[in-house]
Structure formats: C-alpha cells, structure tokens
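Chain and residue survey
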Amino acid sequence: MDSIRIRGGKPLSGRIAIGGAKNAALPLMTAGLLTEQRLVLENVPQLADISTMASLLAQHGIAVDNVTDDGRSLSLGGAISNTEAPYDIVRKMRASILVLGPLLARVGEARVSLPGGCAIGTRPVDLHLKGLEQMGARIDLDGGYIHASVQGRLRGATIVLPFASVGATENLLMAAALADGQTVLANVAREPEITDLADCLVAMGARIAGIGTDRLTIEGVDALHGATHRIIPDRIETGTYACAAAITGGEVRLVNARLDHLGAVARTLREAGVEMTEEADGLLVRRANGLHGVDVMTEPYPGFPTDMQAQYMVLMSVAEGAAMVTETIFENRFMHVPELNRMGARINVHGASAIVRGVSALSGAPVMATDLRASVSLILAGLAAKGETVVNRVYHLDRGYEAVEQKLAACGADIERLSR
C-alpha cells in the first residue's frame, strides 16, 4: 500500500494547474445515461473515482472512450443494456447512486446497490427515493439494493427538499429532464457543480429555469441529444492548494482557478491572513503578514464546504490565537484530529466543534489517512512540519486529487510517493 513522505519547512513557489472538478465530473458522466447520442466531456480529471464511474457506466452499456490521448476528454453514449448497478462497484464510491435517476427516467427501471464511499458519517439516500416516489416511481429495498420502477414515464411533481442535499438535487434534476410535465425542485443545493450539471443538461436539450438558485423548474422533454461540455475547475482543489501556499509561507499561482466559485472559503482565508488575487489565468495566493485564528462553520454552498474543513483546520493549527471549527454536515468528520495532534497540533473536539489553538510549529511523524480530505490535510501538515512526515493509506487521496506529489514537488516541496 502506497504512502507519501514529506520533509517539511519549505515555502512553496510556482504554478499549480487546477484540474476539472471531481464533484462535477461524476454527475456529468451519469448524464450520459440520458441519451443514446454522444456526450463529450472536456477537462476531465484523472482520478480513481472517474475510472470507477467509467466502469459502472460501461456495465450499463454506455461506451466511455478517450477523445484525446491524455484522457482529459471523454465521449459517452450508447444503448442501455443493463439496469443493475452492482455492489462490487457501487461500494467503492458513493456518487454511484447518481445512476438511479437517469436509468429510471430513460428506461423506467433501475436496480442500484446502496452506496459506499468514505467513512465520514451517515449519508442516507432517502431524499433521492422520496423525490422519485413523488414523480411516480415505485421503490423497494431488498438485500441491500434499491429496486426502482415506473409504468411509462416519470411524472412532474413539486418536491421540497427538507435540506439542500447535493446528491438528491442532482438525481432528481436528471430524472426530471425526461419526466412528463413540469417538475419544481425547491430548497435545492446551489453548488457550482450543480450549476455545471444544469448547464450541460440545457446543452443536451433540457428545459431548466432558475439555474444557480434554490428553486429549479424543469419542463420535461421527450428526449435529450448529444453535446460537448467543459467541466468547471475544482474549487476544493483550489482551496486545498491555497492552504498549502499559506501554511508554508509561499507564493503560488493556481492556474484556471475561479475565485467566484470559492464562496465562503475565499472570505474566510482572507480574514485569516491569506492574500488571494485574481489574475488573467487564475489566482495568486500568498500569506500576508501572519496567520490568525478565524472561526468557521461548515454549511451548504455558498457557505464554507465540509470538503475544506480538514484542510482549514491544519491552517488554523499554526495560526496565532485560537479558532473554533464546527462541522454541521457530517457527524464523523474529525477523524484527522488525532493524527494532527500526533504532529504537535493542539486540537480538542467537543461534540460537533473542535477548538484549535495555534502552535509555533508542527513536528513530522508517521500518520494514517482515514478519508479523502483527511489525506490531503495530513500532507498539508507535513509541508509545514519540522522533520519527516509519512502519510500512510493514501489510496483515499487518489480518489480526489490528481498528481499531488508532482504538483507540490514542482513548487519546491520535498515530497515523494513510496510504494510497497
């Protein structure tokens, strides 16, 4: 099992290219189930989760082909030959649940394993299922599988989500695109990745109003057609490398990054002493005079994302003063705290909040990653620490970050992957 070794204390300096957003690419790939024509996606990140989704779509009958030699453009399309999403694939990645809505809308049936993914807390799919039931689907749960079916087409409905679930919004939006009549989705998530999906669906012939707001109105159409769509840059990767520049006292240009997608991340980092300047091709990030503690609470977009909580906590661990980090999205997302404390951080968890008291320096140590974002937070800690840090179980990292060690090494970090 691979690990990553970092010898810290070196300020980063250089350019890092921000790739396509994983959390946009995965639902966009499932949109290929909505048409027999070819959907071409550009700016596709090279990640383990992308390969997993390609395997899942292929067993449904969707051909996934590289358009370019570098694999950053994919062509998807074909007739659906199998409506089952099996456990052995779905268990690897929670986003697999997003085939449910498109399969049901396109062919009227789906059998999808209940999903897996990172062990960061309970993430039920009941909102997906209740919404589809309101659209006329019959849902049965048996043997760890969701069996969904509908006579004829799904029907338009007014669905009010009790909270702004990203996955439920995406699944119901895709299902509604081919439903009979008008669907109104209220209190939906507003993440840039959802806007990206809606924009792609419109390019495929969907009729969607309210894009970018918390209320989407979809007029169902009989069929969608092919399109070419470029995936937005990854705002979480942007925020992660912004923290890397700040925590090392360096200066990094994040090529292709979009400040307008960062929401509360940009505001919070600036309050903490991080300069972020828009340039023609991205963002210039550097630490101002010093870092200081700023409290943060994770919230749905445009609030502070839960996917940036671990990285921000590392930043606060070397800031002056103290900061309270409150996690409101997942109940088990502080598993990185004991590992950071092994490196000399002073973090105390009280229920859903963690008090982070800044220290002058972290110390290198062997640590173990527990999930995707925890993995990269430990790498950030290693960059700032004195001595050597070895991050074990980095297979989590490869699900969501492309070529981390190469990108950081190109900016002067002493970092390498160790294979066993």
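Residues numbered from 1 in each chain as written. Predicted model: local features only at pLDDT ≥ 70, side-chain atom pairs only at ≥ 80, totals over all residues. Heavy atoms only, no water.

Considering the overall build of the chain
When helices and strands are tallied, the chain shows 13 helices and 24 strands. Against the 2.2 N^0.38 benchmark of 22 Å for 420 residues, the chain shows a C-alpha radius of gyration of 21 Å, consistent with a compact globule. The C-alpha extent of the chain, read off along each of the three principal axes, is 65 × 45 × 45 Å. At a minimum sequence separation of 6, the contacts of the chain that also span at least 24 residues come to 74%. Of the roughly 15,700 Å² of accessible surface on the chain, a fraction of 46% belongs to carbon and sulfur atoms. Of the side chains in the chain, 39 bear a positive and 46 a negative charge, and the two mean positions are spaced by 4 Å. (Helix = DSSP H or I, 4+ residues; strand = E, 2+ residues; numbered from the N terminus. Rg over C-alpha atoms; globule rule 2.2 N^0.38 Å. Contact = heavy atoms within 4.5 Å. Areas by Shrake-Rupley, 256 points an atom, 1.4 Å probe, with all protein chains shown as cover. Lys, Arg positive; Asp, Glu negative; His and termini not counted. Charge placed at Lys NZ, Arg CZ, Asp CG, Glu CD.)

A look at the packing of helix α6 (residues 166-177) against helix α7 (residues 192-203)
Orientation of α6 relative to α7, taken along the N-to-C sense of each, is 5°, at an axis distance of 11 Å. Taken together, α6 and α7 sit at an angle that is classed as roughly parallel. Of the residues in α7, those in contact with Val-166, Thr-169, Glu-170, Leu-173 and Met-174 of α6 are Ile-194, Leu-197, Ala-198 and Leu-201. The class makeup of the residues in the contact of α6 with α7 is 7 nonpolar, 1 polar and 1 charged. (Axes fitted to C-alpha atoms, helices over the stretch in contact; angles between N-to-C directions. Parallel < 35°, antiparallel > 145°, perpendicular 65-115°, else oblique. Nonpolar A, V, L, I, M, F, W, Y, C, P; charged D, E, K, R; others polar.)

Quick word on the packing of helix α10 (residues 309-317) against helix α12 (residues 372-384)
The N-to-C vectors of α10 and α12 enclose an angle of 20°; their axes lie 8 Å apart at closest approach. Judged on the interaxial angle alone, α12 and α10 are roughly parallel. In terms of crossing hand, the pair formed by α10 and α12 is right-handed. When α10 is examined against α12, the residues Ala-310, Gln-311 and Val-314 are found in contact with a partner set consisting of Arg-373, Ala-374, Val-376, Ser-377, Leu-380 and Ala-381. Its residues assigned to classes, the contact of α10 with α12 comprises 6 nonpolar, 2 polar and 1 charged. (Left-handed = near helix turned anticlockwise from the far one by under 90°.)

A short note on empty space enclosed by the protein
Evaluation of the coordinates by the stated rule reveals 2 cavities of 30 Å³ or more. Looking at the largest cavity, the residues that line it are Gly-19, Gly-20, Pro-45, Leu-47, Asp-234, Glu-237, Gly-400, Tyr-401 and Glu-402. Along its surface, the second largest cavity is lined by Ala-189, Arg-190, Ile-194, Thr-195, Ala-198, Ile-211, Gly-212, Thr-213 and Leu-216. Considering each element in turn, the lining of the second largest cavity owes the most residues, 3 residues, to α7. Looking at side-chain class alone, the lining of the second largest cavity contains 5 nonpolar, 3 polar and 1 charged residues. (1 Å grid on protein atoms, 1.4 Å probe; cavity = no way out; pocket = protein on both sides within 12 Å on 5 of 7 lines; lining within 4 Å. Points joined across faces, edges and corners; volume = space filled by probe spheres on them.)

Examining the packing of aromatic side chains
Applying the stated criterion to the full structure yields 1 aromatic pair. The aromatic ring of Tyr-145 is capped on one face by Arg-111, whose charged end is 4.0 Å from the ring centroid. (Phe/Tyr/Trp six-rings, centres within 6.5 Å; stacked < 30°, edge-to-face > 60°. Lys NZ or Arg CZ within 6 Å of the ring centre and 35° of its normal.)

Details of the layout of surface pockets
Reported here for the second largest pocket is a volume of approximately 160 Å³. In terms of lining residues, the second largest pocket is bounded by 13 residues, among which Ile-247, Thr-248, Arg-287, Val-318 and Ala-384 are the most central. Of all elements in the fold, only α8 (235-248) and α12 reach the threshold of two or more residues within the lining of the second largest pocket. Grouping the constituent residues of the lining of the second largest pocket by class yields 7 nonpolar, 4 polar and 2 charged.

Topic: the environment of Ala-385
Looking at the secondary structure, you find Ala-385 in the loop between α12 and β23 (388-392). Classification of Ala-385 as buried rests on a relative accessible area of 0%. Residues Ala-385 and Gly-9, spaced 376 residues apart in sequence, show a C-alpha to C-alpha distance of 6.0 Å. The residues touching Ala-385, leaving out its near neighbours within four places in the chain, are Gly-8, Gly-9, Met-343, Leu-362, Ser-363 and Gly-364. (Buried < 20%, exposed > 50% of the residue type's maximum accessible area, 1.4 Å probe, protein only.)

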